Amino acid sequence: MSAPPLLEVDHLVMNYVTEKGDVSAVEDVSFTLHQGEALGLVGESGCGKTSIAMSLLRLQAENAVFKSGEIRLNGENLLALPEDEMRRHRWKDIAMVFQGAMNAWNPVYRVGDQIREALDLHFRPRLSDAEATERISRLFEMVGLNPAMANRYPHEFSGGMRQRAVIAMALSCDPSIIIADEPTTALDVIVQDQILQELKKIQRELGMAIIYISHDIAVIAEVTDTIGIMYAGKLVELGPTVEVFARPKHPYAYLLLSSTPSVTGPRRKLAPLEGEPPNLLNPPTGCRFHPRCPFATERCSIEEPPMETIADGHRVACWNWREVPVSIAQEARP
Amino acid sequence: MTEPLVKVDRLTKLFPVSRGMFRRPVDFIHAVDGVSFEIAPGESLGLVGESGCGKTTTGRLLVKLMEATSGQILMHDDGSMIDVAHIGSDDLRRFRRRVQMIFQDPYESMNPRRTVFDTVSEPLAVQNIGSLREREDRVAQMLQLVGLTPPNTFLFRYPHELSGGQRQRVAIARALVLDPSFVVADEPTSMLDVSIRISIMELMLELADAFDVSYLYITHDLAVARYMCDRIAVMYLGKIVELGDTEEVLSNPLHPYTRALLSAVPVPDPTYRKPPVEIKGGITKAINPPTECRFIERCPWATDVCHSTEHPPLEDKGGGHFVACHLVEKGAG
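So, how was this worked out
Residues numbered from 1 in each chain as written. Chains lettered and ligands numbered in written order. Predicted model: local features only at pLDDT ≥ 70, side-chain atom pairs only at ≥ 80, totals over all residues. Heavy atoms only, no water. Helix = DSSP H or I, 4+ residues; strand = E, 2+ residues; numbered from the N terminus. Rg over C-alpha atoms; globule rule 2.2 N^0.38 Å. Buried < 20%, exposed > 50% of the residue type's maximum accessible area, 1.4 Å probe, protein only. Contact = heavy atoms within 4.5 Å. Areas by Shrake-Rupley, 256 points an atom, 1.4 Å probe, with all protein chains shown as cover. Polar contact = N/O pair within 3.5 Å; in protein donor to acceptor, adjacent residues only side chain to side chain. Buried area = accessible area lost by both parts, 1.4 Å probe. Salt bridge = Lys/Arg side-chain N within 4 Å of Asp/Glu carboxyl O. Expected span 1.5 Å × (residues − 1). Pairing = 2+ DSSP bridges. Axes fitted to C-alpha atoms, helices over the stretch in contact; angles between N-to-C directions. Core = buried A, V, L, I, M, F, W, Y, C linked by side-chain atoms within 4.5 Å. Disulfide = S-S within 2.5 Å. Parallel < 35°, antiparallel > 145°, perpendicular 65-115°, else oblique. Left-handed = near helix turned anticlockwise from the far one by under 90°. Nonpolar A, V, L, I, M, F, W, Y, C, P; charged D, E, K, R; others polar.

**A look at the overall build of chain B**
Secondary structure assignment for chain B yields 10 helices and 12 strands. For chain B, whose C-alpha radius of gyration is 21 Å, the value lies close to the compact-globule estimate of 20 Å for 333 residues. Counting only C-alpha atoms, chain B reaches 70 × 55 × 45 Å along its principal axes. Of all 333 residues assigned to chain B, the portion counted as buried reaches 55%. Look at the contacts in chain B between residues 6 or more apart in sequence, and 64% of them connect residues 24 or more apart. Total accessible area on chain B is roughly 14500 Å²; 49% of this is exposed by carbon and sulfur atoms.

**Thoughts on the environment of Glu237(A)**
Along the polypeptide, Glu237(A) turns up in strand S10 (residues 234-240). One polar contact links the side chain of Glu237(A) to the main-chain amide nitrogen of Lys249(A), over a distance of 3.0 Å.

**Concerning the interface of chain A and chain B**
Facing 39 residues of chain A, the contacting portion of chain B comprises 42 residues. Together chain A and chain B conceal approximately 3400 Å² of surface at their shared face, both sides included; 60% is due to carbon and sulfur atoms. If you sort the residues of chain A by the area they bury against chain B, Ile190(A), Val263(A) and Arg267(A) come out on top, with a joint share of 21%. Here chain A is connected to chain B by 2 salt bridges. Across the pair Lys274(B) and Glu222(A) runs a salt bridge, and its minimum N-O distance is 3.3 Å. Where chain A packs against chain B, one counts 12 residue pairs in polar contact (both at pLDDT 80 or more).

**Brief notes about unusual backbone geometry**
A cis amide bond links Thr149(B) with the next residue in sequence, Pro150(B), at an omega value of -10°. Assignment of secondary structure puts Pro150(B) in the loop between helix H4 (132-145) and helix H5 (164-176). In this model, Asp28(A) sits at a positive phi of 55°, which is unusual for a non-glycine residue. Take Asp28(A): it is sitting in strand S2 (residues 21-33).

**A look at H5(B)**
Between its first and last C-alpha atoms H5(B) spans 19 Å; for 13 residues at 1.5 Å apiece the expected length is 18 Å, and the two agree. Burial of H5(B) is extensive: 13 of the 13 residues sit out of reach of the surface.

**Remarks on the pattern of salt bridges**
Taken as a whole and assessed by the stated rule, the structure comprises 33 salt bridges over all chains. Two residues, Glu198(A) and Arg164(A), come together in a salt bridge whose shortest N-O distance is 2.8 Å. Residue Glu198(A) is located in helix H6 (residues 189-206), and its partner Arg164(A) is located in helix H5 (residues 159-171); the two are separated by 34 residues in the primary sequence. By relative accessible area, which is 17% here, Glu198(A) ends up buried. When its relative accessible area of 10% is taken as the criterion, Arg164(A) is described as buried. The residue Arg10(B) makes a salt bridge to Asp9(B) at a minimum N-O spacing of 3.1 Å. A relative accessible area of 55% places Arg10(B) in the exposed class.

**Quick look at the sheet that holds strand S11 (residues 308-311) of chain A**
All names here are of chain A. An order of S6-S7-S8-S3-S9-S10-S12-S11 is seen for the 8 strands of this open sheet, with the pairing classed as mixed. Each end of this open sheet is capped by a strand with a single partner; those strands are strand S6 (94-97) and S11. Each neighbouring strand pair of the sheet contributes to a mean axis angle of 20°, computed without reference to strand direction. In terms of strand pairing, S11 meets strand S12 (residues 314-316) through 3 bridges, oriented antiparallel. Bridged to Glu308 within S12 is Val316.

**Comments concerning the pairing of strand S4 (residues 70-77) of chain B**
Residues and elements named next belong to chain B. Bridge count between strand S1 (residues 6-17) and S4: 5 bridges; the pairing is antiparallel. Bridge assignment links Val8 to a residue of S4, and that residue is Ile73. Relative to strand S5 (residues 80-83), S4 is paired through 4 bridges, and the arrangement is antiparallel. Looking across to S5, one finds that Leu74 is bridged to Asp83. In sequence, S4 turns back onto S5 through a hairpin of 2 residues, with Asp78 there showing a positive phi of about 45°.

**Considering the nonpolar core**
Counting residues in hydrophobic clusters, the biggest one holds 71 residues, and the most contacted among them are Leu143(B), Ile172(B), Met204(B), Leu222(B), Met228(B) and Tyr257(B). Beyond its immediate sequence surroundings of up to four residues, Met204(B) is in contact with Ile102(B), Ile172(B), Ala185(B), Pro188(B), Tyr215(B), Tyr217(B) and Met228(B). Core analysis: the next-biggest nonpolar cluster, separate from the first, contains 68 residues, Ile136(A), Ala150(A), Ile167(A) and Val194(B) among them.

**Things to note about the state of the cysteines**
Inspection of the entire model under this criterion finds 0 disulfides over all chains. Not part of a disulfide, Cys229(B) finds its nearest cysteine sulfur in Cys53(B), a span of 14 Å.

**Quick word on helix H1 (residues 49-56) of chain A**
What sets the pattern is the α-helix's 3.6 residues per turn: residues three or four places apart point alike. With 6 of 8 residues buried, H1(A) is to be regarded as a mostly interior element. Within H1(A), the full set of buried residues consists of Lys49(A), Ser51(A), Ile52(A), Ala53(A), Ser55(A) and Leu56(A).

**Things to note about the packing of H5(A) against H6(A)**
Residues and elements named next belong to chain A. Packing of H5 against H6 brings their axes to within 10 Å, and their N-to-C directions diverge by 15°. When the axis of H5 is compared with that of H6, the two are roughly parallel. As for how H5 packs across H6, the hand of that crossing is right-handed. Residues Gly160, Gln163, Arg164, Ile167 and Leu171 of H5 form the contact with H6, whose participating residues are Val191, Gln194, Ile195, Glu198, Leu199, Ile202 and Leu206. Within the contact of H5 with H6, the residues separate by chemical class into 7 nonpolar, 3 polar and 2 charged.

**Some points on the sheet that holds strand S7 (residues 182-186) of chain B**
Residues and elements named next belong to chain B. Pairing is mixed in the open sheet, where 8 strands are placed in the order S6-S7-S8-S3-S9-S10-S12-S11. Looking along the sheet, the strands with just one partner apiece sit at the ends: strand S6 (99-102) and strand S11 (315-316). Pairing geometry for strand S3 (residues 44-48) and strand S8 (residues 214-219), over 5 bridges, is parallel. What sits directly across from Leu45, in S8, is Leu216. In the packing of H5 onto the sheet, the strands contacted are S6 and S7, and the crossing angle to S6 comes to about 175°.

This is the structure in structure tokens:
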């Protein structure tokens with residue numbers, strides 16, 4: 001991709017200041033997002049994926065402090081903008097489908113009216129009533145809802161329908177980027193599948209860029225072109241989704257993929273990851289994964305591995321990535 | 001199959017829906033509706049389905065945390081079968097030695113003011129087993145088995161000092177401390193992170209062998225069920241619609257709902273091309289459901305037979321592959 005990236009996250013470092021000390025939530029994370037690209041950030045709770053999502057919109061928690069790094073949207077550093085200018089970008093350039101957003105609808109207003117509010121805030125010149133209604137109808141059709149539902153109240157929607165309406169709202173101001181943070185986590189599999197297919201279709205049709213954030217590596221496999229794997233505040237591997245799934249190079253990525261059960265393929269023995277993620281008040285020295293890493297050497301506990309480019313668009317932060325087996329374990333369960 | 005450990009026959013649980021304070025309830029949620037299955041000693045049966053399908057209610061009925069509206073649960077115990085619905089108070093204590101439960105949320109299922117020792121030893125105390133000294137030894141031994149080592153560093157910790165994975169290990173130790181023959185595990189790993197999840201699943205498999213215990217493993221996740229269970233039963237609106245050996249059901253799903261569920265499951269392989277999901281809409285509520293097939297509203301293949309007859313019985317379509325569908329031929333299993 002030779003076009004300049006839409007979004008660049010450049011050596012971002014973010015801490016949460018707490019009574020017990022600073023929590024190192026995002027540590028030196030860099031990635032880019034191009035137009036039309038679907039990027040997935042995957043990792044366990046506390047790995048920093050939601051912190052990054054919130055930072056992109058500058059909606060981070062009050063005790064968050066950006067230590068260094070930049071987030072550039074079309075070359076403009078969002079972290080340096082005054083709040084009122086940031087507000088212009090929010091929703092209009094970058095929209096977000098929050099985790100559990102389907103429960104964020106105000107129960108006493110019609111769903112269409114709540115979307116209208118977003119349109120009124122961001123559309124200049126303001127849309128007329130007829131234009132707004134027309135637009136909301138088109139948005140509803142796009143996400144697979146009956147346009148007549150716009151006149152209904154949130155309680156008349158099922159969970160899946162409410163989440164579709166959230167997506168319609170996120171699309172309402174033609175953003176160039178959508179951040180979808182666990183967009184289907186609370187939903188049943190069949191509804192989850194419907195919504196993911198819908199998002200994929202919309203993204204393709206509108207040429208939008210999407211950042212999916214999920215703990216579910218199977219969901220990320222289905223909807224993204226590029227995957228970033230996070231561990232304890234660090235981005236440890238970034239590359240084309242197909243490539244990373246076929247040949248994960250970071251030991252954590254390798255173990256994560258080896259420990260994901262699937263309904264397809266041979267029934268294989270899953271390799272448990274020993275131990276638990278570290279406390280980020282006091283992260284391990286060197287590589288943050290070294291205490292749990294079966295490939296760790298002495299160097300790993302002393303020196304932090306840099307992100308190294310190992311193939312076109314495939315980067316890994318590990319001293320010993322060459323030691324990681326070529327593909328994930330296929331051994332059948334005894 | 002040898003003599004079953006658990007035999008469930010036409011188990012039904014209806015919840016009345018109140019329409020007003022002084023009115024007699026006329027509407028009922030058919031949470032579990034005529035469910036029958038058997039579990040062999042040492043076997044693990046997976047109960048899968050979406051939220052609201054009745055899988056948790058079934059589990060709770062089996063451990064007698066709820067009373068069934070009708071139907072029978074028989075449990076094998078020292079050569080005789082106990083009828084779980086008609087257990088007297090003496091037998092209830094004996095029943096609790098044989099049957100235990102592991103809950104979904106390790107943050108909610110443990111008393112925050114009691115130590116790990118209190119929690120794990122409580123069943124021993126209730127059953128009047130052993131002296132304090134012996135209970136301490138037994139609890140330490142259990143903690144060792146569930147991987148909380150060295151045990152003496154965990155014995156006097158409180159739940160808030162433990163991670164989610166460690167709490168679930170304590171819950172497993174508590175469930176197995178009486179050496180039960182049957183454990184109902186309700187989504188025991190769904191609250192845990194992936195890297196922790198597999199170690200808990202592996203632990204449960206190991207202990208099933210070591211303790212010769214049968215599981216009813218309740219989960220919404222077919223991939224987890226595949227890993228944990230010998231057979232699986234798929235539930236839809238209070239009914240079992242398909243039941244059989246895990247690999248058989250997953251490789252040869254016969255009920256339209258099972259097929260839809262399977263094609264909707266995300267697969268951790270970006271090169272995999274999923275078949276499209278053929279059904280529409282979301283799960284409906286089980287309030288006064290129609291007498292014909294429960295799945296009829298969402299089924300793309302429903303014919304006149306489906307509309308004119310009652311909900312199809314769960315029938316063996318060959319090789320112990322049971323399906324409740326008018327359109328599946330005998331011998332398809």
